[in-house]
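Commentary on secondary and tertiary structure
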Amino acid sequence: MDVGQLLTEARTAMNEQRYLAPAGNNAFEFYLRALVKDPGNKVASDALRETFPFAANSAEQAINSRDFNEAQRQIDLLAKADPTNFTLTILRSKLDAQRKTLDKEQQQQLDQQKAQQLAAQKAAADKQAADQLAEQQKAQLAEQQKEKPARAAQPASQSAVAAAKPEAGDTTAAAGGGTAGGETADAVLLKGAEPNYPPSALRSHQSGWVILSFSIGPDGHTDDIRVVDSQPRHVFDRAASDAIHRYRFKPAMKDGVAVSTTRQLKIEFNL
């Protein structure tokens, strides 16, 4: 477009209050392009000077609405028309302050989100710790309940052991071996052990049973513990095996000598 056309477009933009926007189709850009073609054009220079305050208001509105890129473009356009105008300093200060305010708000939001995440993680960790503590307390309570019958039966067990010991005048060998006329008897349970209820089965209210085969050594300890059958499979096997491992027997006797024996036992799990 020639100078005349540019001035016409600029006046139209002025009438429509398109001082600095939209980009490429506003009064300031048309007047500036006219001055490029005709540097001494008084109409264009006077119009820019007279319109500057109104255009500055447009730039300030862009700042207040936090459209920072558009505000910067408009300030730069004003600077082309009057680079020494003090209003530009004010506008730039406002733009910088708004940017810092927005950055601060965004940082506060990030800090708040991080705090919420940390609080949620701590709550989850606390809940997990509380659940673990509850499981431990349940296991301890179950263990205490299992130990009560064992402690009640302990004096009788000790008496049975004492009765089995040879007296001072007995002619039977005490440790190494016996005679053909010595005692012959099956193994006798001295101390049982209640199995620990698996936490997963406890939570899901599962019941079941396990049949185990094991050997009773001459020292009364159990060994070679194997699962023969179980229902449900693999749920209670470990708990039952651990319980059998804690059993203590008066060993089987043959002709006054302690011998190894094998036994099967069914352990039931019921809530």
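Each chain has its residues counted from 1, following the order in which its sequence is written. Where local features are concerned, this predicted model is filtered to residues with pLDDT of at least 70; where side-chain atom pairs are given and counted, the filter is 80 or more; whole-chain, interface and lining totals use all residues. Processing note: side-chain calculations cover all non-hydrogen atoms of the structure and skip hydrogens and water entirely.

**Focus: the layout of surface pockets**
The probe, sized like a water molecule, is rolled over the atoms to show the empty space still left. Here a cavity means grid points, on a 1 Å grid over the protein atoms only, where a 1.4 Å probe fits yet cannot get out; a pocket means an open set of points with protein on both sides within 12 Å along at least five of seven lines; lining residues are those with an atom within 4 Å of a point. Grid points are joined across faces, edges and corners, and a volume is the space filled by probe spheres set on the points. Taken as a whole, the second largest pocket holds about 400 Å³ of empty space. As for the second largest pocket, its lining consists of 17 residues, of which A142, K146, P195, N196 and Y197 are closest to the centre. Secondary structure is summarised from DSSP: a helix means a run of H or I of at least four residues, a strand means a run of E of at least two, and numbering begins at the N terminus for each. Those elements that place two or more of their residues in the lining of the second largest pocket are α5 (86-164), α6 (199-203) and β7 (261-269). In terms of residue count, α5 provides more of the lining of the second largest pocket than any other element does, seven residues in total.

**Concerning the confidence of the model for the chain**
pLDDT gives the predictor's per-residue confidence on a scale running from 0 to 100. Of all residues in the chain, 87% have pLDDT values of 70 or greater, and the mean over the chain is 86. At the level of individual helices and strands, the chain shows its lowest average pLDDT in α5, which scores 79, and its highest in strand β2 (residues 208-216), which scores 97.

**Describing the packing of aromatic side chains**
Each Phe, Tyr or Trp ring (for Trp, its six-membered ring) is paired with any other whose centre lies within 6.5 Å, and the angle between the two planes then decides the class: stacked below 30 degrees, edge-to-face above 60, tilted in between. Using the criterion set out here, one finds six aromatic pairs in the structure. Centre to centre, the rings of F214 and F249 are 6.1 Å apart; their planes meet at 35°, and the pair counts as tilted. In this pair, F214 is assigned in strand β2 and F249 in strand β4 (residues 248-250), connecting sequence segments 35 residues apart. Assigned by exposure class, F214 and F249 land together as buried. Note on F236 and F269: the rings are 4.4 Å apart at their centroids and 20° apart in plane angle, and the pair reads as stacked. A residue pair is termed long-range when its members are at least 10 positions apart, and F236 in the loop between β3 (222-231) and α7 (237-245) and F269 in strand β7 qualify at 33 residues. Every member of this aromatic cluster is reached through a ring pair, and the members are Y197, F236 and F269. Charge-over-ring placement is defined geometrically: NZ (Lys) or CZ (Arg) within 6 Å of the ring centre, and within 35 degrees of the ring normal. One Lys or Arg, K266, reaches over the ring of W209 and ends 4.8 Å from the middle of that ring. Whether a residue is buried, partly exposed or exposed follows from its accessible area with a 1.4 Å probe, protein chains only, as a fraction of its type maximum: under 20%, in between, or over 50%, in that order.

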